[in-house]
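In case you want the letters, here they are:
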Amino acid sequence: MGFIVKNYDFYRMQDWYPKLSSYSFPAVFLSLKEPEIAALSAGETEGEVVSAVLPRLNLALRTFSGMRFVSVDAVAPTDTERFLRKRGAVSSAKSAWAVLAESSKVRSAAEAGTVSRICIRPFRRMDVTREFRLFIRGGKLQAMSQYWLIRHFRRLVNLRQTYWSKAEKFVNEIAPLLELRDCAMDIYFTAGGKILIVDINPWGPPTDPLMLSSWDRDWNDVSGCFIVPPPHTLSGDVNVSF
């Protein structure tokens, strides 16, 4: 089985990170050999190939202390039980490889030939109210959405305009470094208000438009920041018939 991997793709973290590293979390990258990519695509968690890659993976993990988070190229194992339970935090090379092999998203990417490296970052338990997706069109911020649509957060009502202003300034600052004029960028606001890039996604489907609901809209208009609205409450006399 042969794996043909693109030499360069700005959506892959190893390709955008050199230009935008000062605007993101620290990261190191481990290049994978063809048999290792094949093992990953097959979901193998043991065997000769896995045993050979674990020492190299362990050395890369030792760059950072504490828990770490691993992903590959442009795919993170967010569809795994470990992500649901621990947000993907790993402590060893064995658990790091296992969470990647467990992910159907990662296996599919490896099978499709779009995996060439493992990315290792320090694990950070992020506040879901500070994660957003930026919709950048023509190098300008046109819209912004709350990333986790799990519920309405009252604190975001007062912070929405502040976050929008900071995000707009951020996009204007990094625009000269972006090779993509159109993209959907996932970001995180630190407790100190700094913006860090989490991921860069393709413009349009299959990237989720989140609170914007659809990509079919007039992107010439600046839409601002969208957050999950408060739940509707009913008042007065309510008659319900079946």
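Residues numbered from 1 in each chain as written. Predicted model: local features only at pLDDT ≥ 70, side-chain atom pairs only at ≥ 80, totals over all residues. Heavy atoms only, no water.

*Asks:* What's the story with the nonpolar core in this structure? I'm lost.
*Replies:* Most often, soluble globular proteins have nonpolar side chains that are buried together. By size, the foremost hydrophobic cluster in this structure holds 32 residues, and its most contacted members are Leu-20, Leu-134, Met-144, Met-185, Ile-197 and Ile-200. Looking at this core, the element that brings in the most residues is helix H7 (residues 155-174), giving seven residues. Setting aside residues up to four positions removed in sequence, Leu-20 forms contacts with Phe-10, Ile-174, Leu-177, Leu-178, Ile-197 and Ile-200. (Core = buried A, V, L, I, M, F, W, Y, C linked by side-chain atoms within 4.5 Å. Buried < 20%, exposed > 50% of the residue type's maximum accessible area, 1.4 Å probe, protein only. Helix = DSSP H or I, 4+ residues; strand = E, 2+ residues; numbered from the N terminus. Contact = heavy atoms within 4.5 Å.)

*Asks:* Would you take a moment to explain the sheet that holds strand E4 (residues 131-137) for this structure?
*Replies:* Backbone hydrogen bonds hold the strands of a sheet together, and the pairing may be parallel or antiparallel. Taken together, five strands build an open sheet; the order of strands is E7-E6-E4-E5-E8 and the sheet is mixed. In this open sheet, the two edge strands, each paired with only one partner strand, are strand E7 (195-201) and strand E8 (224-226). Shown here is a sheet whose adjacent strand axes are inclined to one another by a mean of 25°, direction ignored. Two elements, strand E5 (residues 140-146) and E8, share three bridges in a ladder whose sense is parallel. Note on E8: the bridge partner recorded for Ala-143 is Gly-224. In the packing of H7 onto the sheet, contacts are made with E4, E5, strand E6 (183-189), E7 and E8, and the angle to E5 comes to roughly 145°. (Pairing = 2+ DSSP bridges. Axes fitted to C-alpha atoms, helices over the stretch in contact; angles between N-to-C directions.)

*Asks:* Explain the packing of helix H2 (residues 34-41) against helix H6 (residues 104-111) here, please?
*Replies:* When two helices pack together, you describe them by how their axes are tilted relative to each other and by the distance separating the axes. Axis separation between H2 and H6 bottoms out at 8 Å; the angle between their running directions is 135°. Accordingly, the angle class assigned to the pair H2 and H6 is oblique. Between H2 and H6 the crossing geometry is left-handed. Where H2 abuts H6, its residues Ile-37, Leu-40 and Ser-41 lie against Val-106, Arg-107, Ala-110 and Glu-111. (Parallel < 35°, antiparallel > 145°, perpendicular 65-115°, else oblique. Left-handed = near helix turned anticlockwise from the far one by under 90°.)

*Asks:* Help me understand the layout of surface pockets, please; the structure alone is not making it clear to me.
*Replies:* Rolled over the atoms, a probe sized like a water molecule indicates the empty space that remains. Counted as a void, the largest pocket has a volume near 1200 Å³. Elements that contribute at least two residues to the lining of the largest pocket include exactly helix H1 (13-20), strand E2 (68-72), H6, strand E3 (117-122), E4, E6 and E7. No other element matches E7, which puts four residues into the lining of the largest pocket. For the lining of the largest pocket, the class distribution of residues is 23 nonpolar, six polar and 13 charged. Here the second largest pocket is characterised by a volume of approximately 150 Å³. Residue lining of the second largest pocket: Tyr-23, Lys-166, Lys-169, Phe-170, Glu-173, Gly-193, Lys-194 and Ile-195, and that is the complete set. Element by element, the count of residues in the lining of the second largest pocket is highest for H7, at four residues. Each residue belonging to the lining of the second largest pocket can be placed in one class, and the counts come to three nonpolar, one polar and four charged. (1 Å grid on protein atoms, 1.4 Å probe; cavity = no way out; pocket = protein on both sides within 12 Å on 5 of 7 lines; lining within 4 Å. Points joined across faces, edges and corners; volume = space filled by probe spheres on them. Nonpolar A, V, L, I, M, F, W, Y, C, P; charged D, E, K, R; others polar.)

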